[in-house]
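So you can see what is in the structure, the chains are spelled out below.
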Amino acid sequence: QVAGPIRATGGGSKSPVWRRIVADVLEAPLATTSTSEGAAQGAALLAAVGLGWFESVEEACRDLVTLNGVIEPSPDSRVYEDAYPRYRELYPALAPSFHALP
């Protein structure tokens, strides 16, 4: 069980279309963080916990990570679930063509 929205950071999270697709595919709320450097922030949070500045990673995140707007899955998110079996069926047949692309 996920506590709160899934968090997204980095280049793809800047795109409203991509955030919508991810929220719909995962059928879960998605929030962006205030930083575009998620890996660096994560490393800093772990270091702060390791230095004893925070009791836990959860506490550090609660105090230092700021979430921006949350996108809820749309009512149309089921379309991905319905299409996924077709994708799984077609992919093996199409994979050689994908790999041949430049």
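Residues numbered from 1 in each chain as written. Predicted model: local features only at pLDDT ≥ 70, side-chain atom pairs only at ≥ 80, totals over all residues. Heavy atoms only, no water.

Colleague: Outline the side chain of arginine 19, supporting the account with residue identities and numerical values.
Modeller: In this fold, arginine 19 is placed in helix 1 (residues 16-26). An unpaired buried charge is present at arginine 19: no salt bridge exists, and aspartate 24, the closest side chain of opposite charge, is 12 Å distant. Every residue in contact with arginine 19, bar those within four places of it in the chain, is listed here: Ser13, Lys14, Leu30, Thr32 and Ile71. (Helix = DSSP H or I, 4+ residues; strand = E, 2+ residues; numbered from the N terminus. Buried < 20%, exposed > 50% of the residue type's maximum accessible area, 1.4 Å probe, protein only. Lys, Arg positive; Asp, Glu negative; His and termini not counted. Salt bridge = Lys/Arg side-chain N within 4 Å of Asp/Glu carboxyl O. Contact = heavy atoms within 4.5 Å.)

Colleague: Before we move on, could you go through the environment of leucine 45 and cite the residues and values that matter?
Modeller: Considering the arrangement of structural elements, one finds leucine 45 in helix 2 (residues 38-50). With 11 residues separating them in the primary sequence, leucine 45 and serine 56 have C-alpha atoms 9.5 Å apart. In contact with leucine 45, not counting residues within four places along its chain, are Ala60, Cys61, Leu64 and Val65.

Colleague: Mind laying out the environment of alanine 43, listing which residues take part and the relevant values?
Modeller: With respect to the element layout, alanine 43 can be found in helix 2. Judged by its relative accessible area of 46%, alanine 43 is partly exposed. Residues alanine 43 and proline 85, spaced 42 residues apart in sequence, show a C-alpha to C-alpha distance of 38 Å.

Colleague: Quick one: what's the story with unusual backbone geometry, residue by residue and with numbers?
Modeller: Glycine aside, residues mostly have negative phi angles, and peptide bonds mostly take the trans form. The phi angle at glutamate 27 is positive, at roughly 50°, despite the residue not being glycine. With respect to the secondary-structure elements, glutamate 27 resides in the loop between helix 1 and strand 2 (30-33). Classification of glutamate 27 by relative accessible area gives partly exposed; the value is 38%.

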